[in-house]
Amino acid sequence: EAKARGGAQALLYAPQFDDPAGAALMLEQDLHHAIDNDELRLHFQPQLWADGRLRAVEALVRWQHPRLGLLGPDRFIPFAEERGLIGAIDDWVLRRALQLLSRWDALGLPVPRVAVNRSGCGLRRDLVERVDAALAEQGLDGTRLEIEITETALSADGAEALSVLHALRERQISVAVDDFGEGYSSLGQLHRLPIDVLKIDRSFVRDIGEPRANAMVAAVLGMARALGLGTLAEGVEQPAQQQLLLELGCEALQGFGCCRPLADEPLQTWLRGRAAG
Ligand code: C2E
Ligand code: MG
Ligand code: MG
Ligand code: MG
């Protein structure tokens with residue numbers, strides 16, 4: 001048991017470990033119970049329009065592990081994807097995020113919509129049923145929800161993904177392509193897909209100031225405009241990045257420079273502070 005526990009830690013902390021099978025099994029069992037044991041947490045990062053109004057908050061999952069502490073998604077999402085546990089996690093995130101959204105509504109805190117992430121193969125048929133059920137549960141309509149998908153999801157299964165995207169559009173649910181520019185698989189069919197927003201990857205934003213990075217950002221924004229897509233930049237930390245993005249016509253910003261991801265209570269405080277100021 002001690003060895004397996006040590007192995008599980010090693011899996012999380014280092015690429016090499018003694019007992020990969022035991023460690024993975026242990027972590028898988030932990031992750032199976034994470035939902036039942038109420039160990040998943042959501043943080044929310046505000047997204048602001050160019051004029052400072054709140055556009056949405058993005059739900060970002062964390063795992064309050066009983067022994068390892070608070071784990072960020074990069075520590076368990078790839079594993080969950082591999083083990084087929086991601087569907088259950090993403091569904092929990094969807095329901096919990098909408099539950100909190102309706103609670104903020106009830107408290108009079110104005111959050112226009114909540115954005116949730118879907119992993120690689122997340123554009124499967126059952127997404128539509130899950131989304132319908134989660135919205136109905138809270139009495140919310142599709143305009144309150146945005147789904148962030150990856151370029152991989154767009155290129156995965158053409159026909160099924162396309163029909164899911166159409167179903168989401170029917171419901172006025174916004175679809176954003178996350179980390180846009182990090183891959184390039186979907187570029188060829190972007191103009192044919194019913195998507196709404198391009199989320200410019202943090203790697204471009206980080207390099208702003210270098211002429212070549214600026215050119216890339218300008219090109220992505222130009223393409224989005226030409227395709228009638230909304231634009232949102234992620235990972236905005238510095239005032240200089242913010243300024244250039246806005247000069248180039250980027251519609252919305254998200255990043256530590258605007259606000260870090262916050263748990264429910266601190267987010268409420270942040271929202272109240274804005275309402276007061
Ligand atoms: P993402 O969707 O691209 O989310 C943005 C990530 O960048 C978040 O990390 C956020 O905390 C971080 N970030 C935001 N602003 C800044 C900034 O100014 N500078 C820097 N350096 N980082 C910033 P986080 O929470 O660790 O999430 C990492 C990734 O995990 C997410 O990337 C997303 O792909 C995935 N993820 C998070 N929650 C979920 C979920 O519920 N389901 C699925 N399938 N994936 C999720
Ligand atoms: Mg995201
Ligand atoms: Mg992103
Ligand atoms: Mg990212």
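What counts, and at which threshold
Residues numbered from 1 in each chain as written. Chains lettered and ligands numbered in written order. Predicted model: local features only at pLDDT ≥ 70, side-chain atom pairs only at ≥ 80, totals over all residues. Heavy atoms only, no water. Helix = DSSP H or I, 4+ residues; strand = E, 2+ residues; numbered from the N terminus. Buried < 20%, exposed > 50% of the residue type's maximum accessible area, 1.4 Å probe, protein only. Contact = heavy atoms within 4.5 Å. Areas by Shrake-Rupley, 256 points an atom, 1.4 Å probe, with all protein chains shown as cover. Pairing = 2+ DSSP bridges. Donors = N, O, S within 2.8 Å, 3.2 Å for Na, K, Ca; no water. Phe/Tyr/Trp six-rings, centres within 6.5 Å; stacked < 30°, edge-to-face > 60°. Lys NZ or Arg CZ within 6 Å of the ring centre and 35° of its normal. Near = heavy atom within 4 Å. Polar contact = N/O pair within 3.5 Å; in protein donor to acceptor, adjacent residues only side chain to side chain. 1 Å grid on protein atoms, 1.4 Å probe; cavity = no way out; pocket = protein on both sides within 12 Å on 5 of 7 lines; lining within 4 Å. Sits in = over half its atoms within 2 Å of the grid points.

Going by what an unreviewed UniProt entry lists, the protein chain is known as EAL domain-containing protein and is assigned to Inhella proteolytica.

Focus: the overall build of the protein chain
Check the secondary structure of the protein chain and you find 11 helices and nine strands. The proportion of buried residues among the 277 residues of the protein chain is 48%. A fraction of 66% describes how many contacts in the protein chain between residues 6 or more apart in sequence connect residues 24 or more apart. Carbon and sulfur atoms make up 51% of the accessible area of the protein chain, which totals about 13,200 Å².

Description of the pairing of strand β6 (residues 174-180)
The element β6 is largely enclosed, with a buried count of seven among its seven residues. One ladder, built from four bridges, connects strand β5 (residues 145-149) with β6; its direction is parallel. The residue bridging Ile147 from the neighbouring strand is Val175, located in β6. Pairing analysis gives three bridges linking β6 to strand β7 (residues 197-200), with the strands arranged parallel. If you follow Phe180 over to β7, its bridge partner there is Ile200.

Quick word on the coordination of the magnesium ion (ligand 3)
The protein atoms donating to the magnesium ion (ligand 3) are Asp178 (OD), Asp179 (OD) and Glu234 (OE), with metal-donor distances spanning 1.8 to 2.4 Å. In the primary structure, the donors to the magnesium ion (ligand 3) are separated according to the pattern D-D-x54-E. In this structure, the magnesium ion (ligand 3) lies 3.8 Å away from the magnesium ion (ligand 2), the two metals sharing Asp178 as a donor. Separated by 56 residues along the polypeptide, Asp178 in strand β6 and Glu234 in the loop between β8 (230-233) and α10 (239-247) bring together distant segments of the chain. Exposure class is identical for Asp178 and Glu234. Each is buried.

Focus: the coordination of the magnesium ion (ligand 2)
Note on metal geometry: ideal angles are 109.5 degrees for four donors arranged tetrahedrally and 90 or 180 degrees for six donors arranged octahedrally. Coordination of the magnesium ion (ligand 2) by the protein comes from Glu58 (OE), Asn117 (OD1), Glu148 (OE) and Asp178 (OD), over a distance range of 1.9 to 2.2 Å. Coordination of the magnesium ion (ligand 2) draws on donor residues from a single chain, spaced E-x58-N-x30-E-x29-D in sequence. A relative accessible area of 9% places Asp178 in the buried class.

So, the pairing of strand β2 (residues 54-65)
Of all 12 residues in β2, 11 are buried; the element is thus mostly enclosed. Of the strand pairs in this sheet, strand β1 (residues 40-49) and β2 are connected by nine bridges, and their pairing is antiparallel. Paired with Gln45 across the strands is Glu58, a residue of β2. Relative to strand β4 (residues 114-117), β2 runs parallel, the two sharing two bridges. Across the sheet, the residue bridging to Val57 is Val114, located in β4. What sits between β2 and strand β3 (residues 69-71) in their antiparallel hairpin is a turn of three residues.

Examining the environment of Ala115
With respect to the helices and strands, the residue Ala115 is situated in strand β4. On the basis of relative accessible area, Ala115 is assigned to the buried category, the value being 0%. Along the chain, Ala115 and Val57 lie 58 residues apart, while their C-alpha atoms are 6.1 Å from each other. Non-local contacts of Ala115, meaning those with residues more than four positions away in its chain, are made with Gln47, Val57, Glu58, Ala59, Glu146 and Glu148.

Overview of the packing of aromatic side chains
Scanning all chains against the criterion turns up two aromatic pairs. Considering the side-chain rings of Trp63 and Phe76, the 5.6 Å spacing of their centres and the 75 degrees angle between planes classify their relative orientation as edge-to-face. In this pair, Trp63 is assigned in strand β2 and Phe76 in the loop between β3 and α3 (77-82), connecting sequence segments 13 residues apart. Take Phe76: its relative accessible area is 0%, and that puts it in the buried class. Its guanidinium or amino end placed over the ring of Trp49, Arg55 lies 5.5 Å from that ring's centre, counting from NZ or CZ. When the ring centre of Phe256 is taken as origin, the NZ or CZ atom of Arg260, which lies over that ring, is 3.9 Å away.

Looking at the site of ligand 1
The environment of ligand 1 is made up of 25 residues, and the closest members are Asp90, Ser119, Asp178, Arg202 and Glu237. Here an oxygen atom of ligand 1 and a side-chain polar atom of Arg62 are 2.9 Å apart. In this structure, Glu234 approaches ligand 1 through a side-chain N or O atom, which is 3.2 Å from an oxygen atom. Put simply, ligand 1 lies in the largest pocket. If you list the elements that add at least two residues to the shell around ligand 1, you get β2, α4 (86-106) and β6. Among the elements that make up the shell around ligand 1, the one with the highest residue count is β2 (four residues).

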